[in-house]
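Topology and contacts: notes
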Amino acid sequence: MTSPLPAKDPGHALRVQLDGLEIEARRPLLITDADEVLFAFMAGFERHLEDNGACFNWASFRLNGNIVARDTGEPLDAGEVRSLLGSFFARHTGTMPVVDRAPEVLRELSDRLQVVVLSNVPHPQREARAAALEANGMPFPIVSNEGSKAEAVRDLAGRTRHPVFFIDDSPSHHEEVARAADRVIRIHFIGHPRLAALLGPAEACHFRARDWPDIRRFVEAHLDRHASR
Ligand SMILES: [Mg+2]
């Protein structure tokens with residue numbers, strides 16, 4: 001189980017977690033996002049918005065600008081969106097349903113590589129997320145992060161010479177990871193079908209996956225090619 005993080009600045013919280021993580025230099029590594037990749041974020045968040053007098057208008061992939069007040073139709077400002085995200089994670093991190101097939105594919109892939117979950121869940125909910133991963137058959141180490149994932153990915157990828165994969169639903173994370181650690185193989189995946197339909201493949205990704213079996217095929221093919229070199 002995870003231990004509580006010291007209450008210092010977010011950069012410190014990330015450093016402590018990365019330092020405590022053991023990465024095997026002789027195995028490939030898969031770094032995966034959680035919300036909308038392992039856990040069905042949007043389905044639950046939409047309900048949370050409705051409970052709080054707001055809704056998502058499905059105009060585009062972004063949260064900011066597309067969350068509107070139900071009575072006026074006016075977009076909520078960034079502070080209000082942040083606060084709704086905060087209350088959502090505080091209440092629902094432990095009970096979010098998983099994305100179809102994620103646990104079984106990760107379990108199968110973990111025979112050939114190590115898995116780390118890199119999630120922008122708020123630091124105080126890291127333990128609830130770790131417990132939810134475990135309860136759903138995904139007992140992999142979890143790193144909670146804030147903002148760009150580039151630093152964490154560069155750090156982790158630097159610890160193995162074998163292939164490193166990165167999975168995330170957000171194009172901006174792919175872009176930042178591409179700039180910081182270009183050798184990382186980037187897989188763009190959005191679990192929610194309606195959300196996925198709003199967005200083409202991230203410009204900075206190598207592969208856009210439809211579902212977890214699609215991810216498995218792509219990763220295994222890459223590992224097979226790497227092993228035969
Ligand atoms: Mg996500």
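Every value quoted in this text rests on a predicted model; they were computed, and no experiment measured them.

Analysis parameters
Residues numbered from 1 in each chain as written. Predicted model: local features only at pLDDT ≥ 70, side-chain atom pairs only at ≥ 80, totals over all residues. Heavy atoms only, no water. Helix = DSSP H or I, 4+ residues; strand = E, 2+ residues; numbered from the N terminus. Buried < 20%, exposed > 50% of the residue type's maximum accessible area, 1.4 Å probe, protein only. Contact = heavy atoms within 4.5 Å. Areas by Shrake-Rupley, 256 points an atom, 1.4 Å probe, with all protein chains shown as cover. Lys, Arg positive; Asp, Glu negative; His and termini not counted. Charge placed at Lys NZ, Arg CZ, Asp CG, Glu CD. Axes fitted to C-alpha atoms, helices over the stretch in contact; angles between N-to-C directions. Parallel < 35°, antiparallel > 145°, perpendicular 65-115°, else oblique. Left-handed = near helix turned anticlockwise from the far one by under 90°. Nonpolar A, V, L, I, M, F, W, Y, C, P; charged D, E, K, R; others polar. Donors = N, O, S within 2.8 Å, 3.2 Å for Na, K, Ca; no water. Domains from an automatic or database assignment. Buried area = accessible area lost by both parts, 1.4 Å probe. Salt bridge = Lys/Arg side-chain N within 4 Å of Asp/Glu carboxyl O. Polar contact = N/O pair within 3.5 Å; in protein donor to acceptor, adjacent residues only side chain to side chain. Arc of directions from axis to C-beta. Pairing = 2+ DSSP bridges.

1. Thoughts on the overall build of the protein
Check the secondary structure of the protein and you find nine helices and eight strands. Along the first, second and third principal axes, the C-alpha set of the protein runs to 60 × 40 × 35 Å. Buried positions account for 49% of the 229 residues belonging to the protein. In the protein, the proportion of contacts linking residues at least 24 apart, taken out of those at least 6 apart, comes to 66%. Approximately 11,000 Å² of the protein is accessible, and the part contributed by carbon and sulfur atoms is 49%. Side chains of the protein carry 28 positive and 33 negative charges; the gap between the two charge centres is 6 Å.

2. Quick word on the packing of helix α6 (residues 150–157) against helix α7 (residues 171–180)
The geometry of α6 relative to α7 is characterised by a closest axis approach of 9 Å and an angle of 45 degrees between their N-to-C directions. In terms of their interaxial angle, α6 and α7 are classed as oblique. Seen from above, α6 lies across α7 with right-handed handedness. Contacts from A150, V153 and R154 in α6 reach E176, V177 and A180 in α7. Grouping the amino acids of the contact of α6 with α7 by side-chain chemistry returns four nonpolar, no polar and two charged.

3. Considerations on the coordination of the magnesium ion
Looking at the magnesium ion, the protein donor atoms are D33 (OD), D35 (O) and D169 (OD), and they sit 2.1 to 2.3 Å from it. Written as a sequence motif, the donor residues of the magnesium ion are D-x1-D-x133-D. Under the relative-accessibility criterion, D33 is labelled buried at 5%.

4. Some words on the domain arrangement of the protein
Segmentation of the protein into domains returns domain 1 (10–40 + 98–227) and domain 2 (42–94). If you average the C-alpha positions of domain 1 and of domain 2, the two centres end up 24 Å apart. In this complex, domain 1 contributes 18 residues to the contact, which on the side of domain 2 involves twelve residues. Interface of domain 1 and domain 2: buried area, both sides summed, is about 1,300 Å²; carbon and sulfur atoms make up 73% of it. The tally of links from domain 1 across to domain 2 stands at zero salt bridges. For the interface between domain 1 and domain 2, the tally reads one residue pair in polar contact (both at pLDDT 80 or more). Sorting the residues of the side of domain 1 that touches domain 2 by element identifies α5 (126–135) and α8 (193–196) as the ones contributing at least two each. Considering every element that reaches the side of domain 1 that touches domain 2, the biggest residue donor is α5, with three residues. Each residue belonging to the side of domain 1 that touches domain 2 can be placed in one class, and the counts come to ten nonpolar, three polar and five charged.

5. A closer look at helix α2 (residues 41–51)
For α2, the set of buried residues is F41, M42, G44, F45, H48 and L49. Down the axis, α2 shows its buried residues gathered within 160 degrees of arc, on one side only. Along α2, exposed side chains directed more than 90 degrees from the buried face belong to R47 and D51. Next to the buried residues of α2 lie β2 (54–56), β3 (67–69), α3 (78–92) and α8.

6. As for the sheet that holds strand β6 (residues 164–168)
Backbone hydrogen bonds are what pair the strands of a sheet, in a parallel or an antiparallel way. Taken together, the six strands give an open sheet; going across it, the order is β5-β4-β1-β6-β7-β8, and neighbouring strands pair in parallel fashion. At either end of the open sheet lies a strand with only one pairing partner, and these are β5 (142–144) and β8 (207–209). Taken pair by pair, the neighbouring strands of this sheet meet at an average axis angle of 25 degrees, ignoring direction. By the bridge criterion, four bridges tie strand β1 (residues 29–32) to strand β4 (residues 114–119) in an arrangement that is parallel. Among the inter-strand pairings, I31 is bridged to a residue of β4, identified as V116. Strands in contact with α6 are β1, β4 and β6; relative to β1, the strand with the most contacts, it is inclined by about 165 degrees.

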